[in-house]
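# Observations on chain architecture
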Amino acid sequence: MWILISEYLSLAVSIEYVIMIHKESEEIIYYKAIGDLNPEILDIFRNSVHYKILELPLEEGYTEQATLEGKYLITRAGKLVWITLILKYKPIVFTRGILKAFCNLFENLYEREIKELYSKFNGDISIFRKDPYSKRTLNNIIEDVFHLYLIYPFKISSPRGKNMSLKSKEIFQIAKVLSHKAKGQILLDKLFTEISNSFTLSNEEASSLIYELIDKKVLIPIQLEKIKFQFN
């Protein structure tokens, strides 16, 4: 489990945009921006696709990587769409597997909307901002698949009565200090960095200790609807 947490944390911290592109029209039909970003990158990306500056994979199931304005891009070709992640850091191997899973899930859930977007739905891309099939919106699905809750603020709960290792208790003290400095909130990437600076631990060991605090509900994610982030 700690290996997955380490990789999910690395990916979640890196993602800036998740973008869906309609293959037939080559138009962006949905995107999610994570954090406080420069909106110009989306326009640059759109133009790069339109003017064939970016090479998108032609065959279904293929993946291409590229760079754009200092960002890293990884794109997977589905049957009906391309899905691109714009990243801060070079994508790790784990990224390809998660991108594949999300691409398959998106096309399975929205196959009819994608196929009939420019006929029945008259090009109205707002249909992807709704979810007629369940209570989970596409925005929620993206957050779940990419474990984006890992980049949102956590709060600290009491460790009293929790069976924690000695090292986890040390990590808790670091988290407590960070939380105090940030008025009761803590970001896992900052905790991860502080642990790396304070102990001689591998990334996997540091992630394992953080996961232990989450698993024992010593670190609790603050409800997303109460967090004011800029989603474009």
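Just so we're clear, the structure is a prediction, and the values are computed from it rather than from any experiment.

With that settled, the discussion passes to the nonpolar core. Formed by 57 residues in total, the largest nonpolar core has its most connected members in Val18, Met20, Phe102, Phe106, Phe128, Phe146 and Leu191. No other element matches the six residues that helix H3 (residues 93-109) contributes to this core. Among residues more than four places away in sequence, those in contact with Phe146 are Tyr8, Leu11, Ala12, Ile15, Val18, Leu85, Ile98 and Phe102. Grouped together as the second largest cluster of nonpolar side chains are 17 residues, Tyr17, Ala33, Leu56 and Ile86 included.

Bringing the packing of aromatic side chains into the picture now. For the structure shown, the criterion picks out eight aromatic pairs. Arranged with centres 5.0 Å apart and planes meeting at 90 degrees, the rings of Tyr8 and Phe94 form a pair that is edge-to-face. Placement of Tyr8 in helix H1 (residues 2-14) and of Phe94 in helix H3 is noted, with a sequence separation of 86 residues between them. Residue Phe94 is classed as buried on the basis of its relative accessible area of 17%. With a centroid separation of 6.2 Å and 55 degrees between ring planes, the pair formed by Tyr17 and Tyr31 is classed as tilted. Of the two residues, Tyr17 is situated in strand S1 (residues 15-22) and Tyr31 in strand S2 (residues 28-33); the sequence distance between them amounts to 14 residues. Within the aromatic cluster, the residues linked to one another by ring pairs are Phe102, Phe106, Tyr110, Phe128 and Phe146. The aromatic ring of Tyr31 is capped on one face by Arg129, whose charged end is 5.7 Å from the ring centroid.

Turning to unusual backbone geometry, a few remarks are in order. One non-glycine residue, Glu26, lies in positive phi territory at about 60 degrees. Mapped onto the secondary structure, Glu26 falls in the loop between S1 and S2. Owing to a relative accessible area of 26%, Glu26 belongs among the partly exposed residues under this scheme. The residue His147 is not glycine, and still its phi comes out positive at about 55 degrees. By the secondary structure assignment, His147 is in the loop between helix H5 (138-145) and strand S6 (154-156).

Calculation criteria
Residues numbered from 1 in each chain as written. Predicted model: local features only at pLDDT ≥ 70, side-chain atom pairs only at ≥ 80, totals over all residues. Heavy atoms only, no water. Core = buried A, V, L, I, M, F, W, Y, C linked by side-chain atoms within 4.5 Å. Buried < 20%, exposed > 50% of the residue type's maximum accessible area, 1.4 Å probe, protein only. Helix = DSSP H or I, 4+ residues; strand = E, 2+ residues; numbered from the N terminus. Contact = heavy atoms within 4.5 Å. Phe/Tyr/Trp six-rings, centres within 6.5 Å; stacked < 30°, edge-to-face > 60°. Lys NZ or Arg CZ within 6 Å of the ring centre and 35° of its normal.

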